[in-house]
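Now for the letters of each chain:
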Amino acid sequence: MRLNEITYTDAKPIDGYGPGFFRIGGEVVEGPQVIGPEGITGWGGLADAAPVLALAGKVDVVFMGTGAEVAHIPDDLRETLEGAGLGVEVMSSPAACRTYNILLSEGRRIALALLPV
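Report follows, based on the coordinates. All values reported here derive from a predicted model rather than from experimental measurement.

### Observations regarding the pairing of strand 1 (residues 14-18)
Taken residue by residue, a regular strand's side chains alternate between the two faces of the sheet.
Phase 1: Here strand 1 runs beside strand 2 (residues 21-24); their pairing, made up of 4 bridges, is antiparallel. Counterpart to Gly 16 in the pairing with strand 2 is Arg 23.
Phase 2: Between the end of strand 1 and the start of strand 2, which pair antiparallel, lie 2 residues, with Gly 20 showing a positive phi angle near 85°.

### A closer look at the sheet that holds strand 4 (residues 33-36)
Phase 1: Sheet architecture is open: 5 strands sit in the order 5-4-8-6-7, paired in mixed fashion. In this open sheet, the two strands that pair with only one neighbour each are strand 5 (39-42) and strand 7 (87-91). Averaged over all pairs of adjacent strands, the angle between their axes in this sheet comes to 20°, without regard to strand direction.
Phase 2: Across 5 bridges, the pairing between strand 6 (residues 61-66) and strand 7 is parallel. In the sheet register, Phe 63 faces strand 7, and the bridge partner there is Glu 89.
Phase 3: Contacting strand 6 and strand 7, helix 2 (residues 75-83) crosses the sheet at an angle of about 145° to strand 7.
Phase 4: Here helix 3 (residues 93-105) sits on the sheet in contact with strand 4, strand 6, strand 7 and strand 8 (110-115), set at roughly 160° to strand 8.

Definitions and limits used
Residues numbered from 1 in each chain as written. Predicted model: local features only at pLDDT ≥ 70, side-chain atom pairs only at ≥ 80, totals over all residues. Heavy atoms only, no water. Pairing = 2+ DSSP bridges. Helix = DSSP H or I, 4+ residues; strand = E, 2+ residues; numbered from the N terminus. Axes fitted to C-alpha atoms, helices over the stretch in contact; angles between N-to-C directions. Contact = heavy atoms within 4.5 Å.

Right, dumping it as structure tokens:
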């Protein structure tokens, strides 16, 4: 089997997660986070659209991790983000982390909004 080392650009991959925290690019951060091409931003959760809206024009898709289980996001949040031109894909936080890392390694224009597991 041939193994290739993944090289990320300036964006930081998700190295791990646990109860209430994420390890992003080697740094442990607690609580909800938004990870985009310009770095890591604390997030107020599903009621706080501003950090995610700030990604409009910089990314094509935002993966929204809803914690340990997949859950619906509020309709008004989805409408606001999609109205700003952001694609929104909702999944559990573990699945969002894995998907983000794969597409990040391909150089895609993506971001991640995560609620802790």
